Amino acid sequence: MKLFCSRCRNPLESVVFGVKSSVTLYDMNNGNFLKPVENTSETTNEFLCQECFNKYADCLNELTKDIVKNDISISEIVDGIQYE
Amino acid sequence: MFRFTDNIIAQTTLQCNLNCKYCYEGSKIKSSKKQMSVADFKKALDTAIYQRCILGNINNKLIWHFHGGEPFLYDWEDFKECIRYIHRRAKKFPNVTYCVQSNGLCINEEIAKFFAADKCSIGISFDGFSTRERMPEEKTNYLINNLRDLKKSTGVRFSCLSVFSRSNMKNWFTDMVSTSDLFDSFGINVLVPSENNDDLAPTSEEQWKYWLEPCLKSYLSDSPIKERFVNMMVERFFTDVVLHTEDTDIKKTGCFDRICGHGINMINIDPSLNVHNCDKYLEEGTFIKNRYEENLDSYDFLGLEQIKRYGEYCKNIFDLEHKTGCDKCYASNLCLGGCQSYNLSRYNEYKLDTTMCDIYKRVFDFIRVNWIEILKHNYVQATKTILGINPDFIRELENTGYFITIDSDINTIHLYKEK
């Protein structure tokens, strides 16, 4: 059975990105997960080819750059998590 | 950039008290800083924890490798403060830990006691007694005797990492056997050809004769030399061929995987907090100027940039494997394919090392023929969750009086004899 990219509808081959709230990476040659990207138990609802995933990643990075505030230092965040 | 990284090779100092001919670390690296400040260390560690354990999973593994140069030339009080900081973080993020790789010359009683109390084994770079590439023979003897004394007096533990080259290969195995009272484990890095070291790089036949074959044969005894790569191949054979297994637990990857973890599960940081794919061959090779470099503050939402690069890297390797026929090779699960960081810096492309094809098949055939004897003398750990045993192998045990036992708590198999 052939799988197709959810965005461009081209046949999926080689390396495939499964996308939901996290990303899973598959080797289409043998159906295995590609380490070390964690496999999750949730069902992937979108399979993307490399080109479409790259566009998806670029878009998310661009959108979130403005949202993520840099006025709190990383160490303060990690400390805050630690001592909650 | 750390979302999927569980190994950070950190060059806390570029200072070194040796000048090994084949060294790819340390003084050649073009970093504006020669030492990583404690403040920078904390910033780098917290950045990695934030991406790996807060945006990822609180239980994600993260190992900080103190590297160099020579790590024990880093100010000792600063070193201890860094380790204390790691412990502080580990209270909340339980799989954040550290390790050290050293030439051992600076280790004194105070340092040994500290690491013994911390229950952290120190990695020692030791090539054997017969080579002068790292240090003079008398210095090597002094080092080993000193480490033995420290182990006896403090209980500190050591592991051994050797550079395997033509200058030490003939005596490497016997030197490791003679130091098996000192070192808990052994590993090697095979020296690969470069402009300075072409004459020192061992051929594939030499790697078989002086490293692989003697280590494999030692598995047929009760005192094997479990060199890490040979041990990985033995474990993989049993996991993928003898057993039925499921890949439910993502294990650490790095140098020991077909898709090596450079830039994803393994990353290098220099004292100026520049981030590179890998510490290997950073400053050698015609194309080193093309190497991937990023600053710690570079933005990468949820590691998506890391996955993009990794996906492209996987695809390149898969295409190569298809061209060379590696994807159809029966020994492919034991084979590494070569160091891609090295290939990028020397040749500006990914390559598969086909000079070792025959050798890896020999390794596979050896384990296949001797699997029963190996299991009689060793508890072999599977690298995936064990679901069952390949019936072909159960049939081979018929009438031998031996049975396979599986310890599911520690995921190992062994043979026991019916009384």
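Scope of this entry: the structure provided in the associated data block. Note that the coordinates shown come from a computational prediction; the quantities given were computed from them, not determined experimentally.

Criteria and thresholds
Residues numbered from 1 in each chain as written. Chains lettered and ligands numbered in written order. Predicted model: local features only at pLDDT ≥ 70, side-chain atom pairs only at ≥ 80, totals over all residues. Heavy atoms only, no water. Helix = DSSP H or I, 4+ residues; strand = E, 2+ residues; numbered from the N terminus. Rg over C-alpha atoms; globule rule 2.2 N^0.38 Å. Buried < 20%, exposed > 50% of the residue type's maximum accessible area, 1.4 Å probe, protein only. Contact = heavy atoms within 4.5 Å. Areas by Shrake-Rupley, 256 points an atom, 1.4 Å probe, with all protein chains shown as cover. Lys, Arg positive; Asp, Glu negative; His and termini not counted. Charge placed at Lys NZ, Arg CZ, Asp CG, Glu CD. Core = buried A, V, L, I, M, F, W, Y, C linked by side-chain atoms within 4.5 Å. Axes fitted to C-alpha atoms, helices over the stretch in contact; angles between N-to-C directions. Parallel < 35°, antiparallel > 145°, perpendicular 65-115°, else oblique. Left-handed = near helix turned anticlockwise from the far one by under 90°. Nonpolar A, V, L, I, M, F, W, Y, C, P; charged D, E, K, R; others polar. Pairing = 2+ DSSP bridges. Polar contact = N/O pair within 3.5 Å; in protein donor to acceptor, adjacent residues only side chain to side chain. Phe/Tyr/Trp six-rings, centres within 6.5 Å; stacked < 30°, edge-to-face > 60°. Salt bridge = Lys/Arg side-chain N within 4 Å of Asp/Glu carboxyl O.

**Let's talk about the overall build of chain B**
(1) Moving on: Within chain B, the secondary structure is distributed over 12 helices and 14 strands.
(2) Moving on: Its C-alpha atoms give chain B a radius of gyration of 22 Å, within 12% of the compact-globule value 22 Å for 419 residues.
(3) Moving on: With respect to the three principal axes, the spread of C-alpha positions in chain B is 65 × 50 × 45 Å.
(4) Moving on: The buried share of chain B, reckoned over its 419 residues, is 56%.
(5) Moving on: Sequence separation of at least 24 residues holds for 74% of the intrachain contacts in chain B that already meet a minimum separation of 6.
(6) Moving on: Carbon together with sulfur atoms contributes 49% to the accessible area of chain B, which is approximately 17800 Å² in total.
(7) Moving on: Across chain B, the centroid of the 53 positively charged side chains sits 1 Å from that of the 58 negatively charged ones.

**Notes on the overall build of chain A**
(1) Moving on: Helix and strand counts for chain A stand at two helices and four strands.
(2) Moving on: What you see in chain A, going N to C, is helices and strands ordered as β-β-β-β-α-α.
(3) Moving on: Across the 84 residues of chain A, 37% fall into the buried class.
(4) Moving on: Long-range contacts, defined as pairs at least 24 residues apart, comprise 43% of the intrachain contacts of chain A with a sequence gap of at least 6.

**Considering the nonpolar core**
One broad trend across soluble globular proteins is that nonpolar side chains are buried collectively.
(1) Moving on: If you look at the biggest cluster of nonpolar residues, it comprises 109 residues, and the most contacted ones within it are Trp64(B), Phe115(B), Phe238(B) and Ile269(B).
(2) Moving on: Looking at this core, the element that brings in the most residues is helix H7 (residues 228-242) of chain B, giving nine residues.
(3) Moving on: One finds Cys5(A), Leu25(A), Phe53(A) and Tyr313(B) within the second-largest nonpolar core, a separate group that totals 27 residues.

**Overview of the packing of helix H1 (residues 38-54) of chain B against helix H2 (residues 76-90) of chain B**
Residue and element names in this part refer to chain B.
(1) Moving on: For the pair H1 and H2, interaxial distance at closest approach is 10 Å and the crossing angle is 25°. Between H1 and H2, the angle falls in the class roughly parallel. The handedness of the crossing between H1 and H2 comes out as right-handed. For the pair H1 and H2, the contacting residues are Val38, Phe41, Lys42, Leu45, Asp46 and Ile49 in the first and Asp78, Glu81, Cys82, Tyr85, Ile86 and Arg89 in the second.
(2) Moving on: Here the residues of the contact of H1 with H2 are counted per class, giving seven nonpolar, no polar and five charged.

**Here's the deal with the sheet that holds strand S5 (residues 158-164) of chain B**
Residues and elements named next belong to chain B.
(1) Moving on: One open sheet holds the nine strands; their spatial order is S6-S5-S4-S3-S2-S1-S8-S9-S10, and the pairing between them is mixed. The open sheet has two free edges, formed respectively by strand S6 (183-190) and strand S10 (293-295), since each of these has just one partner strand. Ignoring strand direction, the axes of neighbouring strands in this sheet form an average angle of 25°.
(2) Moving on: One ladder, built from five bridges, connects strand S1 (residues 7-11) with strand S2 (residues 62-67); its direction is parallel. Counterpart to Ile9 in the pairing with S2 is His65.
(3) Moving on: Packed onto the sheet, helix H6 (residues 204-218) meets S5 and S6 and runs at close to 155° relative to S5.

**Here we look at the environment of Asp6(B)**
Residues and elements named next belong to chain B.
(1) Moving on: As for its position among the elements, Asp6 is in the segment before S1.
(2) Moving on: Along the primary structure Asp6 and Ile264 are separated by 258 residues, whereas in three dimensions their C-alpha atoms are 8.4 Å apart.
(3) Moving on: In this structure the side chain of Asp6 is engaged in a polar contact, spanning 3.0 Å, whose partner is the side chain of Asn7.

**A look at the packing of aromatic side chains**
Aromatic ring pairs are described here by two measures, namely the spacing of the ring centres and the angle between the planes.
Residue and element names in this part refer to chain B.
(1) Moving on: Counted under the stated rule, the structure contains 33 aromatic pairs over all chains.
(2) Moving on: Ring geometry for Phe41 and Trp64: centres 4.8 Å apart, planes at 85°, overall edge-to-face. On the criterion of sequence distance, the pair formed by Phe41 in helix H1 and Trp64 in strand S2 is long-range, its members being 23 residues apart.
(3) Moving on: The class for Trp64 is buried, based on a relative accessible area of 1%.

**Describing the pattern of salt bridges**
(1) Moving on: Tallied over the full model, the rule gives 23 salt bridges over all chains.
(2) Moving on: The salt bridge partner of Lys308(B) is Asp58(A), with a shortest N-O separation of 2.5 Å. Here Asp58(A) lies in helix H1 (residues 50-67) and Lys308(B) lies in helix H8 (residues 304-324), a pairing that spans two chains.
(3) Moving on: Judged by its relative accessible area of 13%, Lys308(B) falls in the buried class.
(4) Moving on: Residue Asp58(A) is classed as partly exposed on the basis of its relative accessible area, which comes to 37%.
(5) Moving on: Across the pair Arg362(B) and Asp358(B) runs a salt bridge whose closest N-O atoms are separated by 2.7 Å. Here Arg362(B) pairs with Asp358(B), and both are found in helix H10 (residues 357-369), just four residues apart, close to one helical turn.
(6) Moving on: Residue classification places Arg362(B) among the partly exposed positions, given a relative accessible area of 24%.
(7) Moving on: Within this structure, Asp58(A), Glu305(B) and Lys308(B) form a network of salt bridges that share partners.

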